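Commentary on secondary and tertiary structure
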Amino acid sequence: MSQVTKPVADRLLGIVLIGLAAFVAVQAINLEVPFSYEPVGPRAFPLGLAILLAGLSLVLVFKPGADGEWPHKALAIRLLLVLGLLLAYAMLFTGLGFIPTSLMVVAALARLFGASNGKALITGVLLSAGSYVLFTEGLGIALPTGTWLAAFI
């Protein structure tokens, strides 16, 4: 079985990311809101990120990196676990709410990278509570409280 070289992997990743950028751009263009409270509207930020992602992905396609080593198995597994945690975060965010979901994911990420249980828990609590206050009070952004908490409110 032949091993895929890094330039080929970079080009494949670049092509996949261009597809992702196109998907995000289409979703941003189709974004409909009843009224716009900003001069540029809610489409500008995701569309700008899609354009940036497409541009940087083109760099990977046309100018891939030099041959290199693939990550060893332990690092590859850790990276896949990070991806899984981020996917779980996206899926649980609305149902569980911002604070509990952020606390669990941050604590799990801290444990994954070697923090003790106590430090991981403290990091999760401080980061989730601190970012909640920053978003809600500082920026005025409403974050989900979760459907489980709605029964108690």
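Analysis parameters
Residues numbered from 1 in each chain as written. Predicted model: local features only at pLDDT ≥ 70, side-chain atom pairs only at ≥ 80, totals over all residues. Heavy atoms only, no water. Helix = DSSP H or I, 4+ residues; strand = E, 2+ residues; numbered from the N terminus. Buried < 20%, exposed > 50% of the residue type's maximum accessible area, 1.4 Å probe, protein only. Contact = heavy atoms within 4.5 Å. UniProt positions renumbered as here; feature names shortened; annotations may be inferred. Axes fitted to C-alpha atoms, helices over the stretch in contact; angles between N-to-C directions. Left-handed = near helix turned anticlockwise from the far one by under 90°. Nonpolar A, V, L, I, M, F, W, Y, C, P; charged D, E, K, R; others polar. Patch = residues over 30% accessible without salt bridge, like charges linked within 9 Å, V, L, I, M, F, W, Y side chains within 5 Å. Areas by Shrake-Rupley, 256 points an atom, 1.4 Å probe, with all protein chains shown as cover. Salt bridge = Lys/Arg side-chain N within 4 Å of Asp/Glu carboxyl O.

1. Topic: the overall build of the chain
Helices and strands together make up the secondary structure of the chain, namely six helices and zero strands. Beginning at the N terminus, the succession of helices and strands in the chain can be written as α-α-α-α-α-α. Among the 153 residues that make up the chain, the fraction classed as buried is 19%. Sequence separation of at least 24 residues holds for 65% of the intrachain contacts in the chain that already meet a minimum separation of 6.

2. Points about the UniProt feature "transmembrane region" (unreviewed entry) in the chain
In the numbering adopted here, UniProt assigns the feature "transmembrane region" (unreviewed entry) to residues 44–62, 74–92 and 121–143. Secondary structure within residues 74–92 divides into 100% helix and 0% strand; the distance between the first and last C-alpha atoms comes to 27 Å. For residues 121–143, the helix share is 78%, the strand share is 0%, and the end-to-end C-alpha distance is 21 Å.

3. Let's talk about the packing of helix H4 (residues 98–112) against helix H5 (residues 117–138)
Two quantities define a packed helix pair, namely the angle between the axes and the distance from one axis to the other. Between H4 and H5, whose axes approach to 8 Å, the crossing angle comes to 145°. As H4 runs across H5, the sense of the crossing is right-handed. In contact with Phe-98, Ile-99, Ser-102, Leu-103, Val-106, Ala-107, Ala-110 and Arg-111 of H4, H5 contributes Asn-117, Ala-120, Leu-121, Thr-123, Gly-124, Val-125, Leu-127, Ser-128, Ser-131 and Tyr-132. Classifying every residue of the contact of H4 with H5 by side-chain character gives 11 nonpolar, six polar and one charged.

4. Quick notes on a nonpolar patch on the surface
Side chains of Phe-45, Leu-49, Leu-52 and Leu-56 sit close together on the surface and give an oily, nonpolar patch of about 440 Å² of accessible area. Looking at the element boundaries, Leu-49 is found in helix H2 (residues 44–62).

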